[in-house]
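# Summary of the model geometry
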Amino acid sequence: SPSPSTLTLTLYTHTHAHARTHIHTLFHPHLTSTLNTPPPPSLCRPNHARTHHHHNFTWTRTRIAREALRTHSGVGGCWRRQSHRLQERLPPATTVGEADAATDANPADVALAWAQMAYPNAWPDFTDASNGVSVSATFWNLVDAMQDQPGPAKETLLFFVGAGATFPAEPFAAMVNGLGIDGLQCDAPTKAPLTALHVSLAPDWTRALDCDDELADGAEARMRAWVDDVIVDSHVCPYTKSNEVAGTGLEQAGVVAGAIHYPLCVVSGAGGPALARLLRAFWLSTINLLSAPPEEVSTLLICAPGYAVDDADAFAAACTAITTNLKFVRADFDVSLVFFHPKYDRDRVAPDPYEQAHGHLPPVPWLRAYAALDRGADAAAELTDDALHRANAQRTSPFFCINVLRTDQVEAAESVLPWEVIEPEPGRSIRVSGARVYAKNICRFADAATTKVNKFGDTYLVAKRGAIEPEG
């Protein structure tokens, strides 16, 4: 089992000419692996039980050949600066996968022979990933790696072995196809000798470009300035007192304050290959978060300064893709998300006016009901629609950003803040968490008339009518 400073990287490499399986280890000083119980055979957990248990965050990076490992710009090009990228140090390979004593047939060899006949253009890969987070990271990392395959055909067969043998491949493939990423197709071959995913990219699929170096290099500083000016100074979150530490003031709920990290994804554009790279960056960053103790990394603000620039629809589509994948593999039991964008508009990102959406503000028609908790029904009724829409300023950041929080810490905060019942429409009562925080923020931003332009040229509303302190 890995040491506290080692995250295991199982790398199964096969070629048609030389079918041998190798195991490698990825050393990273800031990651910890915790394995107390075997991973569940299925990704599905009961809806009624928000159970929390340790995962085996043995991250599996599938690749065709060891010499094909890409090292430029970090792993797969998503991490540009030294402080934001995973470091690879591969020890000598160890051969695994001996022949089965009873049948004298190595399952990997059987799978390779079948792959050559059924999918002659597909490159075979093997993974033992089993839980939702590691499978998602493996899959999107694989899609990124496929872009470097030579020739017009870009196909891969991903076989699940070991703990991953019972992975529900067919539903996962349907989820991927449902994301609507142009040029990406996924299916689960029913006659494969092992559980498998067949992944293909369209011939015209080209690698998404990186954003401008100046934009990427300045992203963290811009985001930190925005956190100070909006999240901290405008008191949007009562548990964030600086751009460096989150979870402050939750000690009574058993939460130790920890660092805020700012991973950087430098992809530019939107949709297609760019969205695939964004999903890859999200899942790899999530593994980094969950593999570290909460006192070392409390939360993430994934910065994607070149993605969906000034494109609210592409931003909304990316949010939907990420949350769809997140909920399908039940990773929302582990992390909760908050989305930010320069064109943030709650009406556009989740157009259903009466349903909550993961990672977003409450629906606009609910805001008046929230405001009534702070000012009373009569005063809330006098707020104009324009004033209520200023609540969007809480999520209007310099560029696309994903806040990844630990779900257990979110639930700890909910245990401190009292739940409330609101009536967003006549005859419908809803019990909501954190309602007083939302209510105060909605009212203070409704009153906000001052804009600020910081040293980076970013403009935002200022709402400073007193701090919101936790109750209870």
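Given the structure is predicted, the values throughout are model-derived calculations rather than measurements. (Residues numbered from 1 in each chain as written. Predicted model: local features only at pLDDT ≥ 70, side-chain atom pairs only at ≥ 80, totals over all residues. Heavy atoms only, no water.)

Let us look at the sheet that holds strand E11 (residues 245–246). What the five strands build is an open sheet, ordered E11-E12-E13-E15-E14; its pairing is mixed. Two strands close off the open sheet at either side, each with one partner strand: E11 and strand E14 (335–340). One ladder, built from two bridges, connects strand E12 (residues 258–261) with strand E13 (residues 299–304); its direction is parallel. Residue histidine 261 lies in a different strand from E13, and its bridge partner there is leucine 300. Strand contacts of helix H5 (residues 219–232): E12, E13, E14 and strand E15 (400–406), with the helix running at about 125° to E13, the strand carrying the most contacts. (Pairing = 2+ DSSP bridges. Helix = DSSP H or I, 4+ residues; strand = E, 2+ residues; numbered from the N terminus. Contact = heavy atoms within 4.5 Å. Axes fitted to C-alpha atoms, helices over the stretch in contact; angles between N-to-C directions.)

Our focus in this paragraph is the packing of aromatic side chains. All chains considered together, the criterion is met by 14 aromatic pairs. With 4.9 Å between their ring centres and 90° between their planes, phenylalanine 139 and tryptophan 140 make a pair best called edge-to-face. Accessibility classification places phenylalanine 139 together with tryptophan 140 in one group, the buried group. (Phe/Tyr/Trp six-rings, centres within 6.5 Å; stacked < 30°, edge-to-face > 60°. Buried < 20%, exposed > 50% of the residue type's maximum accessible area, 1.4 Å probe, protein only.)

Let's shift gears to the nonpolar core. Ranked by size, the top nonpolar core spans 88 residues in total, and within it Trp140, Leu197, Trp283 and Tyr307 carry the most contacts. Excluding residues within four positions of it along the chain, tryptophan 140 makes contact with Val176, Leu179, Ile181, Leu184, Ala276, Leu279, Arg280, Trp283 and Asn325. With 27 residues, the next largest nonpolar core counts Ala219, Met223, Val236 and Phe445 among its residues. (Core = buried A, V, L, I, M, F, W, Y, C linked by side-chain atoms within 4.5 Å.)

To continue, consider the sheet that holds strand E8 (residues 154–160). Spatial strand order, E7-E8-E10-E9: four strands in an open sheet with mixed pairing. Unpaired on one side and paired on the other, strand E7 (122–127) and strand E9 (184–187) mark the two borders of the sheet. Mean inter-strand twist for the sheet, computed between neighbouring axes without regard to direction, equals 20°. Packing against the sheet, helix H3 (residues 169–178) makes contact with E9 and strand E10 (196–201), and its axis sits at approximately 160° to E9.

Here helix H6 (residues 272–290) contains 19 residues, and its C-alpha end-to-end distance of 27 Å stays within 8% of the 27 Å for a straight helix at 1.5 Å per residue. When you tally the buried positions in H6, you get 18 out of 19 residues, the bulk of the element. (Expected span 1.5 Å × (residues − 1).)

Another point: the pattern of salt bridges. Counting across every chain of the model gives 13 salt bridges. Residue arginine 207 pairs with aspartate 144 through a salt bridge whose shortest N-O separation is 3.1 Å. Linking arginine 207 in the loop between E10 and helix H4 (213–217) with aspartate 144 in helix H2 (residues 132–146), this pair joins segments that are 63 residues apart in sequence. With a closest N to O distance of 3.3 Å, aspartate 374 and lysine 440 form a salt bridge. Taken together, the positions of aspartate 374 in helix H9 (residues 364–375) and lysine 440 in helix H13 (residues 435–447) put the pair 66 residues apart, joining distant regions of the chain. Within this structure, Asp144, Arg207 and Arg280 form a network of salt bridges that share partners. (Salt bridge = Lys/Arg side-chain N within 4 Å of Asp/Glu carboxyl O.)

This part covers the confidence of the model for the protein. Here the protein averages 77 in pLDDT, and 76% of its residues register 70 or above. Overall, residues 1–103 carries pLDDT values under 50, and its contacts beyond four positions in sequence, including any with other chains, amount to 257 contacts. Low pLDDT, under 50, characterises residues 466–472; the predicted model gives this stretch 20 contacts beyond four residues in sequence or across chains. (pLDDT = per-residue confidence, 0-100.)

Looking now at helix H7 (residues 312–328). Across its 17 residues, H7 extends 24 Å between first and last C-alpha, which sits within 8% of the 24 Å expected from 1.5 Å per residue. Regarding H7, the residues found buried are Ala312, Ala314, Phe315, Ala316, Ala318, Cys319, Ala321, Ile322, Thr323, Asn325 and Leu326. Along its buried surface, H7 packs onto H2, H3, H6, E14, helix H8 (346–349) and E15. By the N-cap criterion, in which a side-chain oxygen at the helix start approaches the backbone nitrogen of a residue two or three places on, H7 is capped by aspartate 311, the distance to aspartate 313 being 3.3 Å. Looking one or two residues beyond H7, the residue adopting positive phi is arginine 330, at roughly 60°. (Polar contact = N/O pair within 3.5 Å; in protein donor to acceptor, adjacent residues only side chain to side chain.)

A word on the pairing of strand E19 (residues 459–462). Of the pairings in the sheet, the one linking strand E18 (residues 450–453) to E19 comprises four bridges and is antiparallel in character. If you follow lysine 452 over to E19, its bridge partner there is tyrosine 460.

The next thing to look at is the packing of H3 against H7. Where H3 meets H7, the axes come as close as 10 Å, and the angle between the chain directions of the two elements is 170°. Relative to H7, the element H3 is oriented roughly antiparallel. Here H3 and H7 pass one another in a crossing that is right-handed. In contact with Pro171, Phe172 and Met175 of H3, H7 contributes Thr324, Asn325 and Phe328. Here the contact of H3 with H7 is built from residues that sort into four nonpolar, two polar and no charged. (Parallel < 35°, antiparallel > 145°, perpendicular 65-115°, else oblique. Left-handed = near helix turned anticlockwise from the far one by under 90°. Nonpolar A, V, L, I, M, F, W, Y, C, P; charged D, E, K, R; others polar.)

Before going further, it helps to examine the environment of glutamine 394. With respect to the secondary-structure elements, glutamine 394 resides in the loop between helix H11 (385–389) and E15. Considering only alpha carbons, one finds glutamine 394 and phenylalanine 445, 51 residues apart in sequence, at a separation of 8.2 Å. Beyond its immediate chain neighbours, meaning those up to four positions away, glutamine 394 contacts Trp226, Ile231, Val236, Phe340, Leu361, Asn441 and Phe445.

Turning to the side chain of glutamine 147, a few remarks are in order. Mapped onto the fold, glutamine 147 is located in the loop between H2 and E8. Within the structure, glutamine 147 has its side chain in polar contact with the side chain of tryptophan 205 (distance 3.0 Å). What glutamine 147 contacts, discounting residues up to four positions off in sequence, is Lys154, Leu201, Trp205, Thr206, Arg207, Ala208 and Pro273.

Along the polypeptide, phenylalanine 456 turns up in the loop between E18 and E19. On the basis of relative accessible area, phenylalanine 456 is assigned to the partly exposed category, the value being 33%. Taking the C-alpha atoms as reference, phenylalanine 456 lies 9.8 Å from tryptophan 226; in sequence the two are 230 residues apart. Once residues lying within four places of it in the same chain are set aside, the contact partners of phenylalanine 456 are Ala221, Arg222 and Ala225.

With that settled, the discussion passes to unusual backbone geometry. The phi torsion at histidine 235 lies on the positive side, around 60°, for a residue other than glycine. Within the secondary structure, histidine 235 is located in the loop between H5 and E11. In this structure, alanine 308 is a non-glycine residue whose phi angle is positive, near 50°. One can find alanine 308 in the loop between E13 and H7.

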